[in-house]
Amino acid sequence: MILDHRKALVVYSGGQDSTTCLFWAKKHFDEVRALCFRYGQKHVVEVDIARGIAERAGVPFEEKDVSFISELSTGCSLTDTSIIMDKEPPTPSPDMPDGRITPPNTFVPGRNLFFLAIAAVYAREHGIMNLVTGVSQTDYSGYPDCRDSFIRSLNVSLNLAMDEQFVIHTPLMWIDKAETWKLADELGVFDLVRNETLTCYNGVKGDGCGECPACKLRRQGLKKYLSSL
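The rules behind the values
Residues numbered from 1 in each chain as written. Predicted model: local features only at pLDDT ≥ 70, side-chain atom pairs only at ≥ 80, totals over all residues. Heavy atoms only, no water. Core = buried A, V, L, I, M, F, W, Y, C linked by side-chain atoms within 4.5 Å. Buried < 20%, exposed > 50% of the residue type's maximum accessible area, 1.4 Å probe, protein only. Helix = DSSP H or I, 4+ residues; strand = E, 2+ residues; numbered from the N terminus. Axes fitted to C-alpha atoms, helices over the stretch in contact; angles between N-to-C directions. Left-handed = near helix turned anticlockwise from the far one by under 90°. Contact = heavy atoms within 4.5 Å. Nonpolar A, V, L, I, M, F, W, Y, C, P; charged D, E, K, R; others polar. Salt bridge = Lys/Arg side-chain N within 4 Å of Asp/Glu carboxyl O. Polar contact = N/O pair within 3.5 Å; in protein donor to acceptor, adjacent residues only side chain to side chain.

Core analysis: the largest hydrophobic core is formed by 38 residues, its most contacted members being Leu9, Leu131 and Leu158. Of all the secondary-structure elements, those providing two or more residues to this core are strand 1 (4-11), strand 2 (31-38), helix 4 (111-125), strand 4 (128-132), helix 5 (148-162) and helix 8 (213-228). In terms of residues, this core owes the most to one element, helix 4, which gives 6 residues. With 35 residues, the next largest nonpolar core counts Ala50, Ala54, Val132 and Leu198 among its residues.

This is how it looks when you write it as structure tokens:
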């Protein structure tokens, strides 16, 4: 299969970050597709929101059921309704070496690993060279699979595994939430991102519930960006 450098596949959830990346991809590539996942998340309404935004953007959309991810491990508040969600950002733990952060209980082990591996196979079948994901090390909430070192390592592994030359793009890797809002504004989708996306872990569209860690991070970034105008 010959991969086309003009094509991109966005790992898409319908949230602030991936929606910003969707429109970033539309600006930088000739042909863009979106791939969304059902992995047992409580806020599964995000899939329908993602589909709607993709349709508005004129981007082909497809979803995959990977519910096995939530069955592989326990202790995640995003997939287990019996677990109370951590509401505060994680802090460096004295029990972890080198000041590393113990992931909060909203961390889904292997999620980005599975998403990107599946996306690469899907991309190969559609002749797509570029994979786009909204992970960020700047405000990564303690999720180890959002770090640049992981993405670079996985990019090499995927290329070796399939003897291809995929390129994983991470437009948000080194910017914070305020800068992500700025990028959305520059792309002309500020209002769409603010009002139509779903970042909230409790499934509330737009500005969200205001209490979960995803909403707090998003709101802080928005406040910082608006104050800079």
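There's more to say after this.
With that settled, the discussion passes to the packing of helix 1 (residues 16-28) against helix 6 (residues 177-186). Direction vectors running N to C along helix 1 and helix 6 enclose 40°, while the axes themselves pass 10 Å from each other. In this structure, the crossing between helix 1 and helix 6 has a hand that is left-handed. Judged by residue contacts, Gln16, Asp17 and Thr20 of helix 1 engage Lys177, Thr180, Trp181, Leu183 and Ala184 from helix 6. Considering only residue class, the contact of helix 1 with helix 6 consists of 3 nonpolar, 3 polar and 2 charged.

This part takes up the pattern of salt bridges. Charged atoms that come close allow side chains of opposite charge to pair. All chains considered together, the criterion is met by 14 salt bridges. Between Asp139 and Lys177 there is a salt bridge, and its shortest N-O distance comes to 3.5 Å. In this pair, Asp139 is assigned in the loop between strand 4 and helix 5 and Lys177 in helix 6, connecting sequence segments 38 residues apart. In this structure Asp139 comes out as buried when scored by relative accessible area, which is 15%. Classification of Lys177 by relative accessible area gives buried; the value is 8%. Among the ionic pairs, Asp176 bridges to Lys224, the shortest N-O distance being 3.0 Å. Here Lys224 lies in helix 8 and Asp176 lies in the loop between strand 5 (167-169) and helix 6, a separation of 48 residues in the sequence.

Right, let's get into helix 6. For helix 6, the set of buried residues is Lys177, Ala178, Thr180, Trp181, Leu183 and Ala184. For helix 6, the secondary structure elements touched by its buried residues are helix 1, helix 7 (190-196) and helix 8. Of the residues that open helix 6, the one with a side-chain oxygen 3.2 Å from the backbone nitrogen of Ala178 is Asp176. Positive phi appears at Gly188, one or two residues downstream of helix 6, with a value of about 80°.

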